[in-house]
Amino acid sequence: MLEARDLTCVRAERVVFAGLGLQLSPGEALLVTGPNGSGKSSLLRLLAGLLPSAQGQVLWQGAPIDDDPGAYRSGLHYIGHLDAVKPALTVAQNLAFWAQLRGVTAECVTPALGQFGLATLASLPARFLSAGQRRRLALARLVAIGAPLWLLDEPTIALDRENVEAFEAAIAQHRTRGGVAVVSSNVAIALGDARTLDL
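Residues numbered from 1 in each chain as written. Predicted model: local features only at pLDDT ≥ 70, side-chain atom pairs only at ≥ 80, totals over all residues. Heavy atoms only, no water.

Draft legend 1. Here's a closer look at the sheet that holds strand β1 (residues 2-11). Judged by pairing direction, the sheet is antiparallel, and its four strands sit side by side in the order β2-β1-β4-β5 without closing on themselves. Two strands lie at the open edges of the sheet, namely β2 (14-24) and β5 (63-64), each paired on one side alone. The strands touched by helix α1 (residues 40-48) within the sheet are β1, β2 and β4 (55-60), with β1 carrying the most contacts at an inclination of about 125°. (Pairing = 2+ DSSP bridges. Helix = DSSP H or I, 4+ residues; strand = E, 2+ residues; numbered from the N terminus. Contact = heavy atoms within 4.5 Å. Axes fitted to C-alpha atoms, helices over the stretch in contact; angles between N-to-C directions.)

Draft legend 2. A look at the packing of aromatic side chains. Inspection of the entire model under this criterion finds two aromatic pairs. Relative to W98, the ring of F97 has its centre 5.6 Å away and its plane inclined at 80°; by these criteria the two rings are edge-to-face. With a relative accessible area of 30%, F97 lands in the partly exposed category. The residue whose ring lies beneath K86 is F97, and the NZ or CZ to ring-centre distance is 5.1 Å. The cationic tip of R141 hangs over the ring face of W98; the distance from NZ or CZ to the ring centre is 4.4 Å. (Phe/Tyr/Trp six-rings, centres within 6.5 Å; stacked < 30°, edge-to-face > 60°. Buried < 20%, exposed > 50% of the residue type's maximum accessible area, 1.4 Å probe, protein only. Lys NZ or Arg CZ within 6 Å of the ring centre and 35° of its normal.)

Draft legend 3. Broad picture of the environment of D68. Structurally, D68 is set in the loop between β5 and α2 (69-74). Linking D68 and N186, residues 118 residues apart in sequence, is a C-alpha distance of 32 Å.

Draft legend 4. Structural view of the environment of P125. Relative to the helices and strands, P125 resides in the loop between α4 (109-115) and α5 (131-144). For the pair formed by P125 and K86, sequence separation is 39 residues and the distance between their alpha carbons is 8.9 Å.

Draft legend 5. The arrangement of the pattern of salt bridges in detail. As enumerated under the stated definition, the model contains six salt bridges in all. Between R5 and E3 there is a salt bridge, with its nearest N and O atoms 2.9 Å apart. On the basis of relative accessibility, which here comes to 41%, the residue R5 falls in the partly exposed class. (Salt bridge = Lys/Arg side-chain N within 4 Å of Asp/Glu carboxyl O.)

Draft legend 6. Molecular detail of the environment of A147. The residue A147 is located in the loop between α5 and β7 (149-153) in this model. When the C-alpha positions of A147 and L76 are compared, they lie 5.2 Å apart, and in sequence the two are 71 residues distant. Sequence-distant contacts of A147, defined by excluding residues within four places in its chain, comprise G75, L76, H77, R102 and H174.

Shown next, in the form of structure tokens:
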């Protein structure tokens, strides 16, 4: 489903990595590790089509993502370091906004909030959320709005152990349905039989 061929990343005239290749089939996951500055975030942004590669290409279902970037992005979830939470909206409204943007009915909101322990906060304006609660709301989008490809950059930042386990369960469910996940992390995450790429 997802393939990278001979990717080279250059940032500020510095080669971050070169000749990188990967291939993930339905139901597979890749854990990207490495020290700060090794290129984990850059790789996720390249795979999401948010950053151009100096060399090589990314393919989705056999076709280069540049052939139809809009169609490619409509089938993925990218979560970076920022949570993309609107502070003026309630927790439930934030999730409903993203669902509507993706053409999904609002019925998906309540179960997703429940999976990440946010049901009791549904009517709270997001500006009152802690960092961990904001991250959980960002991750609830994964569950609420189906997408076959998840690209997640340090997704467990600010999460306690209970919610790391909720995240791990969400990844396992996604993979069971044939989804693909690429996750970068500096901490241990249980992703079953996921492959590891150490940058």
